[in-house]
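The chain contents come next:
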Amino acid sequence: MEYRYVGNTGIEASVIGLGSEHLFDKPRTFVEEVISAAVDRGINIMDLFMPGEYVRTNIGHALRGRREKMSIQGAIGSVDLREQFDVSRDLKECKRYFEDLLRFLQTDYIDFGMLFFMDTHEAIDAMIDNGIVEYAQRLKREGRVRAIGASTHNPETARRLVEEGLVEMLMFSINPAFDMMPGNADINEMLGDQFTAHVTTIDPKRAELYRLCQSSGVGITVMKPLGAGKLLSPDHTPFAKPLTVAQCVHYALTRPAVASALVGYDSVEEVEAAVSYLEASDAERDYTEAISSFREDGRGGFKGSCVYCNHCLPCPADIDIAAVNKYLDIALLDQEGGQNEQKIPPSLRQHYRSLGAHASDCVACGNCEQRCPFSVNVIDRMKRATAIFGE
């Protein structure tokens, strides 16, 4: 494994990291297998934004006896409502969930205390005005946080966080598709319906952010380096051909100030595939040809496409929207491959039916669509899932 310092924090991170979103609803044995595989292969940094007791306890159990081998990015401001993802700018709630994080992980410190989802200036103002930034600073003075960071998809708010000295590192969404979109677009417009021929270079605002972080000693860890897997898919990539894991990882690691690319793993094999980047040749890492041309069928882009990030929650009907969308996408891929709606694999139906609430429980309130970073028409997708799965 290769390691880089995260800015001026003095903390070293493996260039391949662990994004924990795939651990959210998995059994303890799966969590232990994936984290063990990551640690055994030298991965020493992970992000943990999910607020639920179940996933935090499972991760804490998996890290028992090897806590010192893993630097943890722990969210300040990620909470849950009936075990569903939500965002809070309330100091009391943020304190409670951070204390719960320590308790469930069975640790007395978090390496990076992450101000969560800093995508608007209003969010930054609330974090300052409500005393949450001061709380994070106190945690650092007490040694319960080693460094203060923030997670954001917006280069303009990220720049403010750096310029005002609020953070020592950022977790920022970086991949070739994101970097080619205008930096002044809000997250809902990050990726348009398709890419056009003139969008062929990195957006200046994003490039400026990377250089600012480099000159300021603010490190970056990367979320969504694979674009939720869609950059790897012939059907969903915005480019003329899909990228490989090695190309996506290399793209992220060649941005200024980047210390680690945090990849989500759905199996031990996927851990091994990501770590194989270290053995890849220069030719295998080269992404330039892959991103040099765009699709001609008008199907490129991520807008309207679920990347299973859970920012749509909480749902008043307790629907795990990301899980429903994931199972729906799998079902639709089966149809594209020649299967019809009546021949969905029984295992997929079983997984869907095991959910606590189903698409048919949707009340069409629209809250999820207002929260969604990628303008997914969630209500229509719930109707589609109901039609396919029958509930």
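Before reading further, recall that the structure is shown in the block above.
Let us look at the structure shown here. Everything numeric here is computed off the predicted structure, so don't read it as measured data.

### A closer look at the overall build of the protein
At step 1: Scanning the protein from N- to C-terminus turns up 15 helices and 12 strands.
At step 2: Counting all 391 residues of the protein, 59% fall into the buried class.
At step 3: A separation threshold of at least 6 residues defines the contact pool for the protein, and within that pool the share at least 24 residues apart is 76%.
At step 4: Summed over all atoms, the accessible surface of the protein reaches about 16300 Å², with 47% contributed by carbon and sulfur.

### A word on helix H8 (residues 204-216)
At step 1: Under the 1.5 Å per step criterion, the end-to-end length of H8 is 18 Å for 13 residues, consistent within 8% with the ideal 18 Å.
At step 2: Here H8 has its buried residues at Arg-206, Ala-207, Leu-209, Tyr-210, Leu-212 and Cys-213.
At step 3: Summarising the contacts, the buried residues of H8 are in contact with helix H6 (155-163), strand S10 (169-173), helix H7 (176-179) and strand S11 (219-223).
At step 4: By the N-cap criterion, in which a side-chain oxygen at the helix start approaches the backbone nitrogen of a residue two or three places on, H8 is capped by Asp-203, the distance to Lys-205 being 2.9 Å.
At step 5: Positive phi appears at Gly-217, one or two residues downstream of H8, with a value of about 75 degrees.

### As for the packing of helix H2 (residues 53-62) against helix H3 (residues 91-105)
At step 1: Across the interface, H2 lies against H3 with an axial gap of 7 Å and an inter-helix angle of 40 degrees. As the angle between them shows, H2 and H3 are arranged oblique. Facing H2, whose interface residues are Glu-53, Arg-56, Thr-57, Ile-59 and Gly-60, H3 presents Tyr-97, Asp-100, Leu-101, Phe-104 and Leu-105.
At step 2: For the contact of H2 with H3, the residue count by class is 5 nonpolar, 2 polar and 3 charged.

### Side note on the environment of Asp-361
At step 1: Mapped onto the elements of the fold, Asp-361 is located in the loop between helix H13 (346-353) and helix H14 (367-371).
At step 2: With 21 residues separating them along the chain, Asp-361 and Met-382 place their C-alpha atoms 8.8 Å apart.
At step 3: Apart from residues lying up to four places away in sequence, Asp-361 is in contact with Ala-317 and Ile-319.
At step 4: A polar side-chain atom of Asp-361 sits 2.8 Å from the main-chain amide nitrogen of His-358.

### What about the packing of aromatic side chains?
At step 1: Using the criterion set out here, one finds 6 aromatic pairs in the structure.
At step 2: An angle of 10 degrees between the planes, with centres 4.1 Å apart, marks the rings of Tyr-352 and Phe-389 as stacked. Separated by 37 residues along the polypeptide, Tyr-352 in helix H13 and Phe-389 in helix H15 (residues 378-389) bring together distant segments of the chain. The burial state of Tyr-352 is the same as that of Phe-389; both residues are buried.
At step 3: Grouping aromatic residues by their ring pairs yields a cluster made of Phe-49, Phe-116 and Phe-117.
At step 4: Positioned over the ring face of Phe-30 is Lys-26, at 5.4 Å from the centre of the ring.

### Brief notes about the sheet that holds S10
At step 1: Spatially, S3-S4-S5-S8-S9-S10-S11-S12 is the arrangement adopted by the 8 strands of the closed barrel, whose pairing is parallel. Within this sheet the neighbouring strands show an average axis-to-axis angle of 30 degrees, counted without direction.
At step 2: Bridge count for strand S3 (residues 16-19) against strand S4 (residues 45-48) is 2 bridges, and the pairing is parallel. Each bridged residue has a counterpart across the sheet, and for Leu-18 the counterpart in S4 is Met-46.
At step 3: Sheet strands in contact with H3 are S4, strand S5 (71-76), strand S8 (110-115) and strand S9 (145-152), and its direction is about 150 degrees off that of S5.
At step 4: Along the sheet, H8 contacts S10 and S11; its crossing angle with S10, the most-contacted strand, is approximately 155 degrees.

### Quick look at the nonpolar core
As a rule of thumb, soluble globular proteins bury nonpolar side chains together.
At step 1: Core analysis: the biggest nonpolar cluster contains 122 residues, and Ile-59 and Leu-170 have the highest contact counts within it.
At step 2: The greatest single-element share of this core, amounting to 8 residues, is contributed by helix H12 (residues 321-336).
At step 3: Aside from chain neighbours lying at most four places away, what touches Leu-170 is Ala-150, Thr-152, Ala-158, Leu-161, Val-162, Leu-209, Cys-213, Val-218, Gly-219, Ile-220 and Thr-221.

### Quick notes on the side chain of Asn-175
At step 1: With respect to the element layout, Asn-175 can be found in the loop between S10 and H7.
At step 2: A distance of 2.9 Å separates the side chain of Asn-175 from the backbone nitrogen of Ala-177, its partner in a polar contact.
At step 3: One polar contact links the side chain of Asn-175 to the main-chain carbonyl oxygen of Lys-224, over a distance of 2.9 Å.

### Structural notes on the environment of Ile-11
At step 1: If you trace the backbone, Ile-11 turns up in the loop between strand S1 (3-5) and strand S2 (12-14).
At step 2: By relative accessible area, Ile-11 is classed as buried at 4%.
At step 3: Spatially, the C-alpha atom of Ile-11 lies 10.0 Å from that of Gly-219, the residues being 208 residues apart in sequence.
At step 4: What Ile-11 contacts, discounting residues up to four positions off in sequence, is Arg-4, Tyr-5, Val-6, Ser-71, Asp-111, Phe-112, Arg-146 and Ala-147.

### Things to note about helix H1 (residues 28-40)
At step 1: Between the first and last C-alpha of H1 there are 18 Å, a value that for 13 residues agrees with the 18 Å anticipated at 1.5 Å per step.
At step 2: Downstream of H1 by a residue or two, Gly-42 has a phi angle that is positive, lying close to 95 degrees.

Cut-offs applied
- Residues numbered from 1 in each chain as written.
- Predicted model: local features only at pLDDT ≥ 70, side-chain atom pairs only at ≥ 80, totals over all residues.
- Heavy atoms only, no water.
- Helix = DSSP H or I, 4+ residues; strand = E, 2+ residues; numbered from the N terminus.
- Buried < 20%, exposed > 50% of the residue type's maximum accessible area, 1.4 Å probe, protein only.
- Contact = heavy atoms within 4.5 Å.
- Areas by Shrake-Rupley, 256 points an atom, 1.4 Å probe, with all protein chains shown as cover.
- Expected span 1.5 Å × (residues − 1).
- Polar contact = N/O pair within 3.5 Å; in protein donor to acceptor, adjacent residues only side chain to side chain.
- Axes fitted to C-alpha atoms, helices over the stretch in contact; angles between N-to-C directions.
- Parallel < 35°, antiparallel > 145°, perpendicular 65-115°, else oblique.
- Nonpolar A, V, L, I, M, F, W, Y, C, P; charged D, E, K, R; others polar.
- Phe/Tyr/Trp six-rings, centres within 6.5 Å; stacked < 30°, edge-to-face > 60°.
- Lys NZ or Arg CZ within 6 Å of the ring centre and 35° of its normal.
- Pairing = 2+ DSSP bridges.
- Core = buried A, V, L, I, M, F, W, Y, C linked by side-chain atoms within 4.5 Å.

It is worth stressing that arrangement in space is one thing and function is another; only the former is reported here.
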